[in-house]
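Coordinate inspection notes
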Amino acid sequence: SAVISQKPSRDICQRGTSLTIQCQVDSQVTMMFWYRQQPGQSLTLIATANQGSEATYESGFVIDKFPISRPNLTFSTLTVSNMSPEDSSIYLCSVERGSGGNTIYFGEGSWLTVV
Amino acid sequence: AQSVTQLDSQVPVFEEAPVELRCNYSSSVSVYLFWYVQYPNQGLQLLLKYLSGSTLVKGINGFEAEFNKSQTSFHLRKPSVHISDTAEYFCAVSDRKAQKLVFGQGTRLTINP
């Protein structure tokens, strides 16, 4: 498995502000993923972050709203910019592990409420 | 592209009763299949996975799932549930090239005493 730590675990944010979520993994990984889980909903992939290259965003998500950094093989950040109440969600960092990189493990999530 | 359908949004059962949570998927390529559990106010934990080989896979906490290729299903089962199994359960698929997961809508399992 993998030990994945996220900060902050919870936060209440003011409308119009930005918040950066940090994700730290206990060992080096090639690919890191950011997911969003809106209240009462399933998970949706925001983007895939590889070290040394630009993140790849899924349809409906853009870099200006969700800039991502991946400075090394154990760390990534996701920023939620210019927040509105619709951004209130759980944001989850995940990594792939297993032989052939075939299993995805998740952090505990960052629970954001925008007021 | 892949898609996942969890046929039940909520499943109430009595403690010590058996349970089955249903999952069907659609894909034009071979896939990996997963079940994750989300306990109240927590992140996602991997329950079990099917990558290849035996179609019956066993996971943590007494859960198991059976991969049925002809019916494109991956139903989750437990012979006797406990109060502590109360949680949201998510079925997910990924293709064998990308590691991106596509999730179902989730099934809320509620255990009544």
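Residues numbered from 1 in each chain as written. Chains lettered and ligands numbered in written order. Predicted model: local features only at pLDDT ≥ 70, side-chain atom pairs only at ≥ 80, totals over all residues. Heavy atoms only, no water.

1. What to know about the overall build of chain A
Rules: Under the DSSP-based scheme used, a helix requires at least four consecutive residues in state H or I and a strand at least two consecutive residues in state E, with every element numbered from the N terminus. When accessible area is computed with a 1.4 Å probe and restricted to protein chains, residues below 20% of their type maximum are described as buried, those above 50% as exposed, and intermediate ones as partly exposed. Contacts between residues were defined by any pair of non-hydrogen atoms, one from each residue, lying within 4.5 Å. In this description, accessible areas are obtained by the Shrake-Rupley approach with a 1.4 Å probe, and a residue is regarded as covered only by the protein chains that are shown. Counted as positive: Lys and Arg. Counted as negative: Asp and Glu. His and the chain ends are not counted at all. Working definition for charges: the position is that of NZ of Lys, CZ of Arg, CG of Asp or CD of Glu.
Looking only at helices and strands, one finds zero helices and eleven strands in chain A. The helix and strand sequence of chain A, counted from the amino end, reads β-β-β-β-β-β-β-β-β-β-β. Expressed as a percentage of the 115 residues in chain A, the buried residues total 53%. Sequence-distant contacts in chain A: of pairs separated by 6 or more residues, those separated by 24 or more amount to 54%. Working note: accessible area of chain A is about 5,300 Å², and carbon and sulfur atoms make up 48% of it. Across chain A, 7 positive and 9 negative side-chain charges occur, with their mean positions spaced 5 Å apart.

2. Side note on the interface of chain B and chain A
The condition that has to hold: Summed over both partners, the accessible area (1.4 Å probe) lost when two parts come together is defined as the buried area. What makes a salt bridge here is a side-chain nitrogen of Lys or Arg within 4 Å of a carboxyl oxygen of Asp or Glu, nothing more. By the criterion applied in these results, polar contacts are pairs of N or O atoms within 3.5 Å in which, for protein atoms, one can donate a hydrogen and the other can accept it, and in which residues neighboring in sequence qualify only through two side-chain atoms.
With 18 residues of chain B in contact, the opposing surface of chain A contributes 24 residues. Of all residues in chain B, L44, Q99 and K100 of chain B give up the largest surface area on contact with chain A, accounting jointly for 33% of the area buried on that side. Across the contact surface, chain B and chain A share one salt bridge. The partner of E58 of chain A in a salt bridge is K100 of chain B, with the nearest N and O atoms 3.4 Å apart. Where chain B packs against chain A, one counts seven residue pairs in polar contact (both at pLDDT 80 or more). Taken together, the elements giving at least two residues each to the side of chain B that touches chain A come down to β5 (31–38) and β6 (44–50) of chain B.

3. Side note on the layout of surface pockets
Put simply, the test is: Cavities and pockets were defined on a 1 Å grid built from protein atoms only: a cavity is a group of points that admits a 1.4 Å probe but offers it no way out, a pocket is an open group of points flanked by protein on both sides within 12 Å along at least five of seven lines, and a lining residue is one with an atom within 4 Å of any such point. Grid points are joined across faces, edges and corners, and a volume is the space filled by probe spheres set on the points. We call Asp, Glu, Lys and Arg charged. Ala, Val, Leu, Ile, Met, Phe, Trp, Tyr, Cys and Pro are nonpolar, and the rest, Gly among them, are polar.
The space that makes up the largest pocket amounts to roughly 510 Å³. Taken together, 31 residues make up the lining of the largest pocket; nearest its centre are Q37 and G40 of chain A together with Q38, E88 and R108 of chain B. For the lining of the largest pocket, the elements supplying multiple residues, two or more each, are β2 (10–13), β9 (89–97) and β11 (110–114) of chain A together with β10 (87–95) and β12 (107–112) of chain B. Class assignment for the residues of the lining of the largest pocket results in ten nonpolar, 16 polar and five charged.

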